Each structure stands twice: as C-alpha cells, then as structure tokens.
Amino acid sequence: MISDLPGSKDALQRRGLMFILSSPSGAGKTTISRMLLERDEHLCMSVSATTRPPRPGEIDGRDYFFVDQPQFDAMVEAGEFLEWAPVFGHCYGTPKAHVKAGLKQGQDFIFDIDWQGTQQLYQKLETDVVRVFLLPPSLVELRRRLDARATDSVEVIDGRMARAQAEISHWDGYDYVVVNDDIDRCYAKVTQILAAERMRRARQTGLIGFVRELTRPVISS
Ligand code: 5GP
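If you're wondering where the values come from, they're calculated on a predicted model, not measured in any experiment.

Criteria and cut-off values
Residues numbered from 1 in each chain as written. Predicted model: local features only at pLDDT ≥ 70, side-chain atom pairs only at ≥ 80, totals over all residues. Heavy atoms only, no water. Axes fitted to C-alpha atoms, helices over the stretch in contact; angles between N-to-C directions. Helix = DSSP H or I, 4+ residues; strand = E, 2+ residues; numbered from the N terminus. Parallel < 35°, antiparallel > 145°, perpendicular 65-115°, else oblique. Left-handed = near helix turned anticlockwise from the far one by under 90°. Contact = heavy atoms within 4.5 Å. Nonpolar A, V, L, I, M, F, W, Y, C, P; charged D, E, K, R; others polar. Phe/Tyr/Trp six-rings, centres within 6.5 Å; stacked < 30°, edge-to-face > 60°. Lys NZ or Arg CZ within 6 Å of the ring centre and 35° of its normal.

Here the focus is the packing of helix α1 (residues 29–39) against helix α7 (residues 183–198). Two elements in contact, α1 and α7, have axes whose closest approach is 10 Å; the angle formed by their N-to-C orientations is 60 degrees. As the angle between them shows, α1 and α7 are arranged oblique. Relative to α7, the crossing made by α1 is right-handed. Along the contact surface, α1 presents Thr-31, Ile-32, Met-35, Leu-36 and Arg-39, while α7 presents Ile-183, Asp-184, Cys-186, Tyr-187, Val-190, Thr-191 and Leu-194. Class assignment of the residues belonging to the contact of α1 with α7 gives a composition of 8 nonpolar, 2 polar and 2 charged.

Here it is as structure tokens:
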C-alpha cells in the first residue's frame, strides 16, 4: 500500500507543508491546534521566539523560546527568522533552521502566527504554505468566550474584543476560512483541508520516479 504520509515504509517521498492557523483569540485556534498535534503524528508545532514574558504554565522551548530584546534583535540581525513581527507590544518570530530542514524531510508544521507573519511566510515560501483562518460564529459568541476565559475587567475584555475585530479584518489574506460554530465540526473541516493539501502534486516529490516506473515500456516475454 502506498501512503501519502511520510514515515510509512512505502510512502512516496513528499515535501512537508507549513500549515498556518490564525484567528482572533476566542475563535478556537489553540484547541484545534492541540487536537491536530495530539491526533496526527506527522505534525509538529513550529515554536516561535518571543520577548513576551512566560505565562504561568508555559515552558521555554515548548511553548516559545523566551528571549530578551537584545537576544531577539541579534537573531533578526543574524537572519535567523523566517518572519518576525511586533504583536501587542512584544516581538515574535519564527526560527528558520528547524523548519527548513524539516520541510525537506517531509515534516509538516503548524504555525500559530498572526496575519503579518502569515504574509511574510507566504511571500518567502508560497508553495509550502497553507493558510487557514478560523472565525467565531458571531460577535455575541466571541464575547461570551472571552468573558468565560478569565476574571478580567470589562475594559480588558473590551480591549480583546477590539483586537479580535482588527484581526478578523485580515480574513481575506487566507486560502481557507472556517467558521468554528462547533469544535468537532471545525476540526473535521481543518483535517480535510490538511489531507487534501498533503496530496498536492507539487508536494509529492517522489512522484516523478514512481510515474516513470509505471510508464516504462513493458517487454512481454
Ligand atoms: P500570545 O502572546 O498570546 O501567545 O500570542 C499573541 C499573538 O502573537 C498571537 O496572535 C499569535 O498568533 C502571534 N504569534 C505567535 N508567534 C508568532 C510568530 O512567530 N510570528 C508572528 N508573526 N506572530 C506570532
């Protein structure tokens, strides 16, 4: 049997892809990424570097590489980022080396980055990038999700709502837009996108040899 996934014994060679999931906070991006990572062994997360301080429970090297501003600036200077951007007062960037080597070996990556980073990755590596944007089903529901999250003040939640709406205005910079009205339905749609994108001809680098073999002249005895 021939699988479209790397790792299987008979798999056709395939180049990995960069699966970008963006959304305003409260649209379910973190939950969907987590489900994908738990259920799909061929996906791994691209871990960004950030100057933002760690939140409780976050682990350096797993959630982010936490660096200070001079370290971040040095990484920019040394060309170590595929993209970077300031987001809500801190700097965030995607380290280059790990992702580039992984793609060559057929590794797929999920990116939790904002619209600015998405634009930059698309400009640099268009054919490797799949851009998915998640939307909340309504403003009322978005507000309910942000309210339910923490014990923040009304002003803080208002600020998050405004930021969420600003983020939503970039929906048209994406290949796919999925409304997250139900987490399982949304997950199913996202996995369908991933499955189809993995089968793109351009990603199946092993196809040429395979098809050559199928079309070689057969000499009958
Ligand atoms: P948070 O601080 O809540 O983890 O992330 C804040 C925002 O920064 C989110 O919208 C997230 O998608 C974005 N972000 C995280 N890592 C990167 C990155 O490497 N590059 C860019 N451009 N945005 C990022």
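For the rest of this paragraph, the subject is the packing of aromatic side chains. If you walk through the whole model with that rule in mind, you get 6 aromatic pairs. One residue, Arg-39, lies across the ring of Tyr-187, its end atom 4.7 Å from the ring centre. Sitting over the ring of Tyr-122, Arg-131 keeps its end group 3.6 Å from the ring centre.

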